[in-house]
Amino acid sequence: MTQAPPVEIRRASDDDRVTARPDDPPRTNGHRALLSHLRPQRTRMLAGVLLGLLGSLMGLAQPLAAKHVMDDMGRGQPAAGPVVALSALVVAGGILAGLGHYVLDRSAEAVVCAARRRLTDRLLRLRVPVVERTEPGDLIARATSDTALLRQSAPQAVSAAVTGTLITAATVVMMGLLDAVLLGVTLAVIAFVGVVVAVVSPRIGRATRHTQEAVGRIGAALERALGAFRTLKASGAEQREAAVLHRAAEHARRTGVRAAAWEAVSATVSAVVVQICFLVVLGVGGARVTSGAIGVSTLVAFLLYLFALAPRIGQLVDGVGQFQIGSAAAARIREVEELEVEDVGVPGVAALAPPGQEPLPATVAFHEVRFAYRPGLPDVHRRVSFTVPGCGLTAFVGPSGAGKTTAFSLIERFYEPDAGRVSLDGKDVREWPLAELRANIGYVEQDSPVLAGTLRDNLTLGVGEATADQLHHVLRLARLEGVADRLPQGLDTDVGHRGCRLSGGERQRVAIARALLRRPRLLLLDEATSQLDAANEAALRDTVADAARTTTVLVVAHRLSTVTTADRIVVMEAGCVRAVGTHAQLLARDSLYRELATTQLLHR
Ligand code: ADP
């Protein structure tokens with residue numbers, strides 16, 4: 001596992017974030033982060049800049065060529081040659097400048113694409129507890145909106161930096177050759193502009209960062225609202241949620257305007273200061289001409305250089321602003337890249353065991369496990385110990401909050417115990433390669449998540465391809481053939497966002513079929529707490545019983561029908577295992593179990 005300092009990405013539901021303080025120190029060095037994004041593209045960017053420069057130089061040569069054309073024509077000489085040369089210069093200059101632009105934009109797209117790939121890769125490998133501390137909508141905004149800002153600011157900043165610096169340096173050298181005193185005046189002005197930029201540009205970065213944070217909040221609030229859309233409507237909460245979104249949008253507008261204002265300040269100050277520089281150079285230069293220190297022609301030449309320098313200074317100032325914007329985005333991206341990820345080995349899909357070759361059922365053991373979700377929270381498991389032999393059905397029962405689902409999370413190694421050990425086949429789960437551990441396990445969560453996409457996509461999640469026979473087999477096991485036949489395009493029917501076009505029972509069986517398709521050595525099934533109809537209930541019981549014949553099945557049971565068919569039942573209470581036995585044994589000797597069996601388990 002990659003160890004990295006924990007980075008707190010604040011939750012969007014905290015309303016106080018809407019009024020984020022403008023003086024928050026940047027949490028990550030954005031400049032370094034931005035440069036690390038640009039570095040792989042430096043050669044291409046430089047090529048783009050040089051092409052652009054070449055195009056500009058050809059533009060500079062055009063007036064000279066035009067002069068030749070006119071001189072030739074004045075002397076009555078044929079001007080065809082120079083006209084062709086001039087046209088070629090115009091076309092070549094245009095092509096080179098266009099090409100430079102294209103190469104720069106291409107490299108900017110490559111920067112964004114690389115950032116998005118790296119970020120999305122990392123997002124999917126984040127540790128479960130880390131994701132619980134974040135807002136998915138904000139993470140999505142970082143992968144989409146912040147990376148887009150890199151595209152916007154990277155080429156401009158690089159091009160301005162290289163071109164502006166080169167031309168400024170060359171012009172300053174030429175000025176130095178003309179007159180050192182006037183150069184001194186000019187450099188003093190450039191230094192002043194530098195100070196202004198140094199003061200203003202961090203403010204552009206900060207304002208941009210706050211804008212992006214507000215964009216993250218919009219993403220988070222939208223994700224929250226659309227994720228529970230029906231509940232939102234049923235509760236009549238549209239207006240309240242809209243107000244949260246409006247506040248975030250308003251905050252984004254305010255900080256966006258603030259960034260624009262600082263950009264305007266730096267652009268205006270630099271423009272005005274350069275104008276003043278003209279006047280001062282004119283005044284000082286005039287005095288030097290009068291005193292005979294320099295000639296008029298020197299002053300004129302100096303002023304011409306100053307004219308050429310002015311737009312370059314503006315370009316540099318603008319480039320610094322763009323760099324700050326890119327740095328703010330890069331800092332937010334870096335924060336995600338610093339979150340702790342799991343080492344799941346080489347990414348890829350789990351290979352299905354060949355048909356007819358039944359994988360051996362796994363054994364599971366908890367030994368004195370102690371676990372709390374976070375330091376400072378009470379222990380959810382206090383001293384949990386139990387052993388499950390290979391094969392058969394083991395049911396976990398206990399009051400809500402006893403720690404049953406947590407036991408499954410520890411087996412999947414979504415979290416790690418604070419003390420004790422959880423083992424699969426006698427080997428501590430921490431010693432298993434993570435991908436291999438999980439490939440051995442089929443996990444059906446309580447709310448049976450079904451993803452947007454087709455039924456086939458849902459079944460083959462994580463295994464890529466499966467043959468028609470394999471799919472048919474698990475559909476039959478999960479009693480889903482009827483559903484697949486009824487859907488308009490069979491397995492290729494879109495099941496909607498979170499499987500909204502399927503019923504609750506169907507979703508659960510899709511999740512079971514998906515888990516079974518992996519031919520797991522261990523099936524973890526967190527039963528739905530809601531009442532199923534008689535047909536679904538019987539279908540589910542048969543499916544689980546079938547599976548338990550060939551593989552180890554652990555069920556968090558909420559139904560009497562599940563516990564009565566279980567080979568063994570683990571009774572949990574307040575983070576401890578209270579008793580283990582069969583239904584009959586526990587009825588006879590455990591009072592809590594008796595009470596659960598008679599009053600709390602779903603009777604059908
Ligand atoms: P059960 O499945 O027995 O109902 P759980 O294992 O789901 O119980 O939860 C046990 C306790 O842990 C509960 O008090 C619950 O509030 C807490 N809990 C569960 N998941 C988390 C989590 N991700 N973060 C913090 N606390 C949690």
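What counts, and where the lines are drawn
- Residues numbered from 1 in each chain as written.
- Predicted model: local features only at pLDDT ≥ 70, side-chain atom pairs only at ≥ 80, totals over all residues.
- Heavy atoms only, no water.
- Helix = DSSP H or I, 4+ residues; strand = E, 2+ residues; numbered from the N terminus.
- Rg over C-alpha atoms; globule rule 2.2 N^0.38 Å.
- Buried < 20%, exposed > 50% of the residue type's maximum accessible area, 1.4 Å probe, protein only.
- Near = heavy atom within 4 Å.
- Polar contact = N/O pair within 3.5 Å; in protein donor to acceptor, adjacent residues only side chain to side chain.
- Areas by Shrake-Rupley, 256 points an atom, 1.4 Å probe, with all protein chains shown as cover.
- Nonpolar A, V, L, I, M, F, W, Y, C, P; charged D, E, K, R; others polar.
- Contact = heavy atoms within 4.5 Å.
- pLDDT = per-residue confidence, 0-100.
- Domains from an automatic or database assignment.
- Buried area = accessible area lost by both parts, 1.4 Å probe.
- Salt bridge = Lys/Arg side-chain N within 4 Å of Asp/Glu carboxyl O.
- Axes fitted to C-alpha atoms, helices over the stretch in contact; angles between N-to-C directions.
- Parallel < 35°, antiparallel > 145°, perpendicular 65-115°, else oblique.
- Left-handed = near helix turned anticlockwise from the far one by under 90°.
- Expected span 1.5 Å × (residues − 1).
- Phe/Tyr/Trp six-rings, centres within 6.5 Å; stacked < 30°, edge-to-face > 60°.
- Patch = residues over 30% accessible without salt bridge, like charges linked within 9 Å, V, L, I, M, F, W, Y side chains within 5 Å.

## Observations regarding the overall build of the chain
So, step 1. The helix and strand tally for the chain stands at 19 helices and 10 strands.
So, step 2. Against the 2.2 N^0.38 benchmark of 25 Å for 604 residues, the chain shows a C-alpha radius of gyration of 35 Å, more extended than a compact globule.
So, step 3. The principal-axis extent of the C-alpha atoms belonging to the chain is close to 120 × 55 × 50 Å.
So, step 4. Each of the 604 residues in the chain was classed as buried or not, and the buried ones make up 46%.

## A closer look at the site of the ligand
So, step 1. Every residue lining the ligand is accounted for by Glu132, Tyr373, Val380, Ser400, Gly401, Ala402, Gly403, Lys404, Thr405, Thr406 and Tyr415.
So, step 2. Between the ligand and the protein, one listed contact pairs an oxygen atom with a backbone N or O atom of alanine 402 at 3.1 Å.
So, step 3. Between the ligand and lysine 404, the relevant distance is 2.9 Å, taken from an oxygen atom to a main-chain nitrogen or oxygen of the residue.
So, step 4. Relative to its free-state accessible area of 560 Å², the ligand is covered by the protein chains to the extent of 63%.
So, step 5. Of all the elements, helix α10 (residues 404-411) adds the most residues to the shell around the ligand, at 3 residues.
So, step 6. Residue classes in the shell around the ligand are distributed as 4 nonpolar, 5 polar and 2 charged.

## A word on the environment of arginine 370
So, step 1. Mapped onto the secondary structure, arginine 370 falls in strand β1 (residues 364-371).
So, step 2. Counting along the chain gives 47 residues from arginine 370 to proline 417, while the straight-line C-alpha distance between them is 5.9 Å.
So, step 3. When residues no more than four places from it in sequence are discounted, the contact partners of arginine 370 are Asp379, His381, Arg382, Pro417, Asp418 and Ala419.

## So, the side chain of threonine 171
So, step 1. Of note, threonine 171 is situated in helix α5 (residues 136-178).
So, step 2. The class of threonine 171 is buried, set by a relative accessible area of 7%.
So, step 3. For threonine 171, the residues in contact, after removing those within four places along its chain, are Tyr305 and Leu309.

## A few points about the confidence of the model for the chain
So, step 1. Taken residue by residue, the chain gives an average pLDDT of 85. The fraction at 70 or more is 91%.
So, step 2. When the criterion is pLDDT under 50, residues 1-8 qualifies, and its contacts beyond four places in sequence or with other chains add up to 19 contacts.
So, step 3. Predicted confidence is poor over residues 10-26, with pLDDT under 50, and the contacts of this stretch with residues over four places away or in other chains come to 33 contacts.

## Considering the domain arrangement of the chain
So, step 1. Entries for the chain in the domain assignment read domain 1 (33-337), domain 2 (362-440 + 520-604) and domain 3 (452-519).
So, step 2. Placing a centre on the C-alpha atoms of domain 2 and another on those of domain 3 gives a separation of 25 Å.
So, step 3. Facing the 17 residues of domain 2 at the interface are 11 residues of domain 3.
So, step 4. Both sides together, the interface formed by domain 2 and domain 3 hides about 1,100 Å², and carbon and sulfur atoms give 60% of it.
So, step 5. Counting the surface domain 2 buries against domain 3, the share from its top three residues, Pro520, Asn536 and Thr543, is 39%.
So, step 6. A salt bridge links arginine 479 to aspartate 546, with the shortest nitrogen-to-oxygen separation between them at 3.5 Å.
So, step 7. Taken together, the links from domain 2 to domain 3 amount to 2 residue pairs in polar contact (both at pLDDT 80 or more).
So, step 8. Listed by contribution, the elements that provide at least two residues to the side of domain 2 that touches domain 3 are α11 (434-439), β7 (522-526) and α16 (534-550).
So, step 9. Taken together, the residues of the side of domain 2 that touches domain 3 break down into 9 nonpolar, 2 polar and 6 charged.

## Examining the pattern of salt bridges
So, step 1. According to the stated counting rule, one finds 31 salt bridges in the structure shown.
So, step 2. For the salt bridge of arginine 332 with aspartate 138, the shortest nitrogen-to-oxygen distance reads 3.4 Å. Of the two residues, arginine 332 is situated in helix α9 (residues 296-337) and aspartate 138 in helix α5; the sequence distance between them amounts to 194 residues. With respect to class, arginine 332 is no different from aspartate 138; both count as buried.
So, step 3. By sharing partners, the salt bridges in this structure join Asp138, Arg142, Asp146, Arg209, Glu213, Arg332 and Glu335 into a single network.

## Some words on the packing of helix α13 (residues 468-477) against helix α15 (residues 504-517)
Axes are the key here: two packed helices are described by the angle between their axes and the distance separating the axes.
So, step 1. It is the contact of α13 with α15, at a shortest axis distance of 9 Å, that shows an interaxial angle of 135°. As judged from the angle between their axes, α13 and α15 are oblique. Our pair here, α13 against α15, has a crossing hand that is right-handed. Residues Gln470, Leu471, Val474 and Leu477 of α13 touch α15, and the partners they reach there are Ala513, Leu516 and Leu517.

## Considerations on helix α8 (residues 238-291)
So, step 1. Taking 1.5 Å per residue, 54 residues should reach 80 Å; α8 reaches 78 Å between its end C-alpha atoms and fits that length.
So, step 2. Following α8 by one or two positions, glycine 292 adopts a phi angle in the positive range, close to 85°.

## Quick notes on unusual backbone geometry
So, step 1. Positive phi outside glycine occurs at arginine 413, with the angle close to 60°.
So, step 2. As for its position among the elements, arginine 413 is in the loop between α10 and β4 (419-424).
So, step 3. Using a relative accessible area of 11% as the deciding quantity, one classes arginine 413 as buried.
So, step 4. One non-glycine residue with positive phi stands out, namely arginine 519, at about 45°.
So, step 5. Residue position: arginine 519 is located in the loop between α15 and β7.

## Some details on the environment of threonine 405
So, step 1. You can see threonine 405 is positioned in helix α10.
So, step 2. With a relative accessible area of 34%, threonine 405 lands in the partly exposed category.
So, step 3. Residues threonine 405 and glutamate 445, spaced 40 residues apart in sequence, show a C-alpha to C-alpha distance of 8.9 Å.
So, step 4. Those residues in contact with threonine 405 that lie beyond four places of it in its chain are Tyr443, Asp526 and Val556.

## Considering the packing of aromatic side chains
So, step 1. On inspection of all chains with the given rule, the structure shows 9 aromatic pairs.
So, step 2. Summarising the aromatic geometry, the rings of phenylalanine 366 and phenylalanine 386 are spaced 4.6 Å apart at their centres and angled 20° between planes, so their arrangement reads as stacked. With a gap of 20 residues between them, phenylalanine 366 in strand β1 and phenylalanine 386 in strand β2 (residues 381-388) connect regions that are remote in the sequence. Across the pair, exposure class does not vary: phenylalanine 366 and phenylalanine 386 are buried alike.
So, step 3. Their ring planes at 85° and their centres at 6.0 Å tell us that phenylalanine 396 and phenylalanine 408 sit as a pair that is edge-to-face.

## What about a nonpolar patch on the surface?
So, step 1. On the surface, a cluster of nonpolar side chains totalling about 410 Å² of accessible area is made up of Val296, Val300, Leu304 and Phe307.
So, step 2. On the secondary structure map, phenylalanine 307 appears in helix α9.

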